[in-house]
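# Structural features, examined
Chain by chain, the residues run as shown.
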Amino acid sequence: AQSVTQLDSQVPVFEEAPVELRCNYSSSVSVYLFWYVQYPNQGLQLLLKYLSGSTLVKGINGFEAEFNKSQTSFHLRKPSVHISDTAEYFCAVSPNQAGTALIFGKGTTLSVSS
Amino acid sequence: EAGVAQSPRYKIIEKRQSVAFWCNPISGHATLYWYQQILGQGPKLLIQFQNNGVVDDSQLPKDRFSAERLKGVDSTLKIQPAKLEDSAVYLCASSIAGGRADTQYFGPGTRLTVL
């Protein structure tokens, strides 16, 4: 069965610093990978997704992620964070089997302070 | 374009009571999902509909949970009777066709507290 591991439960950073949120997945076959963000009291919003092609994927709000097949990773990065980036971030994988529901990691809380 | 609507936003009930949640997906979206998000965890699928048919309900506790999607549009998720461990946020999501690459759009969720 496919699974997703987010290696950090909490990441505190200062405003304008770079940040990396780490995600590893387990799968022996091709995968589709997603990053979602959840602001307080809101639903999840898609940041970016990897389906195929270029391993560097650019998303909204200045975020990008790199797909690394050999390391089965899909880390999310932003070169300079803002206070408004404070939120919960979820990595997810789309199973390559019947049904298309996403399998999510446990989430990483990004806290940006001034 | 209107997003996924859910109601109520918050609900507090006693254990053994029943509760129902409502979801209205984005217009034209064929696929609807109900996820359960327990505090400190990622969302977990409860049930997936394609139009008004069930695609996957393998993780739905069918002894107490039920769901329906009338006419392939709105959906209702019911819990009867509720247990303490049902305290969670219930998220509804929809996608245009249910393909693996399709973006799932999430509603704001219903936060359920069972006392």
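Shown above is the structure to which this text applies.
In what follows, the accompanying structure is described. In this text the structure is predicted, and so the values were computed from the model without any measurement.

### Focus on the overall build of chain A
- Secondary structure summary: chain A contains zero helices and twelve strands in total.
- Sequence-ordered secondary structure for chain A, helices as α and strands as β, is β-β-β-β-β-β-β-β-β-β-β-β.
- Relative to the 2.2 N^0.38 estimate, which gives 13 Å for 114 residues, the radius of gyration of chain A is 14 Å and therefore close to what a compact globule would have.
- Each principal axis of the C-alpha atoms in chain A carries an extent, and together these give about 45 × 30 × 20 Å.
- For chain A, the residues scored as buried account for 46% of the 114 residues in total.
- Working note: accessible area of chain A is about 5400 Å², and carbon and sulfur atoms make up 50% of it.
- Between the mean site of the 7 positive side-chain charges and the mean site of the 8 negative ones, chain A shows a separation of 10 Å.

### A few points about the sheet that holds strand 8 (residues 75–79) of chain B
All names here are of chain B.
- The strand order across the open sheet built from four strands is 1-3-8-7, with neighbouring strands paired in antiparallel fashion. The open sheet terminates on both sides in strands that have one partner only, identified here as strand 1 (5–7) and strand 7 (65–69). Averaged over all neighbouring strand pairs, the angle between strand axes comes to 15°, with direction disregarded.
- Across five bridges, strand 3 (residues 19–24) lies against strand 8 in antiparallel orientation. The partner of Trp-22 across the bridge, within strand 8, is Thr-76.

### Quick notes on the state of the cysteines
Residue and element names in this part refer to chain A.
- Overall, the coordinates contain two disulfides over all chains when judged by the stated rule.
- Between the sulfur of Cys-23 and that of Cys-91 lies a disulfide, 2.0 Å long from S to S. Disulfide Cys-23-Cys-91: torsion about the S-S bond near -70°, hence left-handed. Taken as a pair, Cys-23 in strand 4 (residues 23–26) and Cys-91 in strand 10 (residues 87–94) lie far apart in primary sequence, 68 residues in all. Cys-91 shares its class with Cys-23; the two are buried.

### Structural notes on the interface of chain B and chain A
- Of the residues lining the interface, 24 residues belong to chain B; the matching set on chain A comes to 24 residues.
- Interface of chain B and chain A: buried area, both sides summed, is about 1800 Å²; carbon and sulfur atoms make up 51% of it.
- Contact with chain A buries area across many residues of chain B, yet B:Arg100, B:Ala101 and B:Phe106 alone supply 38% of it, more than any other trio.
- In this assembly, chain B and chain A are joined by zero salt bridges.

### A look at unusual backbone geometry
- Cis geometry marks the peptide bond from B:Ser7 to B:Pro8; its omega dihedral reads -10°.
- Within the secondary structure, B:Pro8 is located in the loop between strand 1 and strand 2 (10–13).
- Of note, the amide linkage connecting B:Gln80 to B:Pro81 takes the cis form, showing an omega dihedral of -5°.
- Its place among the elements puts B:Pro81 in the loop between strand 8 and strand 9 (88–95).
- In this structure, A:Glu16 is a non-glycine residue whose phi angle is positive, near 75°.
- As for its placement among the helices and strands, A:Glu16 is situated in the loop between strand 2 (10–14) and strand 3 (19–21).
- For B:Asn51, which is not glycine, the phi dihedral falls at a positive 55°.
- Along the chain, B:Asn51 falls in the loop between strand 5 (44–50) and strand 6 (53–56).

### Regarding the pattern of salt bridges
All names here are of chain A.
- Here the structure, examined in full by the defined rule, presents seven salt bridges over all chains.
- Close ionic contact of Glu-20 with Arg-77 constitutes a salt bridge, the shortest N to O distance being 2.8 Å. Taken together, the positions of Glu-20 in strand 3 and Arg-77 in strand 9 (residues 73–78) put the pair 57 residues apart, joining distant regions of the chain.
- Note that Lys-58 is salt-bridged to Glu-64, the shortest N-O span being 2.9 Å.
- One network of salt bridges, in which partners are shared, links Glu-20, Glu-66 and Arg-77.

### Comments concerning the nonpolar core
- Grouped together as the largest cluster of nonpolar side chains are 28 residues, with contacts concentrated most on A:Leu33, A:Trp35, A:Leu47, A:Leu48, A:Phe74, A:Leu76 and A:Tyr89.
- Among the elements that make up this core, the one with the highest residue count is strand 10 of chain A (four residues).
- When sequence neighbours within four positions are dropped, the list of residues in contact with A:Leu48 reads A:Leu33, A:Phe34, A:Trp35, A:Val57, A:Lys58, A:Gly59, A:Phe63, A:Glu64, A:Ala65, A:Phe74 and A:Leu76.
- Counting 21 residues, the second largest nonpolar core, distinct from the first, contains B:Leu32, B:Leu46, B:Tyr90 and B:Cys92.

Each value, and the rule that gives it
Residues numbered from 1 in each chain as written. Chains lettered and ligands numbered in written order. Predicted model: local features only at pLDDT ≥ 70, side-chain atom pairs only at ≥ 80, totals over all residues. Heavy atoms only, no water. Helix = DSSP H or I, 4+ residues; strand = E, 2+ residues; numbered from the N terminus. Rg over C-alpha atoms; globule rule 2.2 N^0.38 Å. Buried < 20%, exposed > 50% of the residue type's maximum accessible area, 1.4 Å probe, protein only. Areas by Shrake-Rupley, 256 points an atom, 1.4 Å probe, with all protein chains shown as cover. Lys, Arg positive; Asp, Glu negative; His and termini not counted. Charge placed at Lys NZ, Arg CZ, Asp CG, Glu CD. Pairing = 2+ DSSP bridges. Axes fitted to C-alpha atoms, helices over the stretch in contact; angles between N-to-C directions. Disulfide = S-S within 2.5 Å. Contact = heavy atoms within 4.5 Å. Buried area = accessible area lost by both parts, 1.4 Å probe. Salt bridge = Lys/Arg side-chain N within 4 Å of Asp/Glu carboxyl O. Core = buried A, V, L, I, M, F, W, Y, C linked by side-chain atoms within 4.5 Å.

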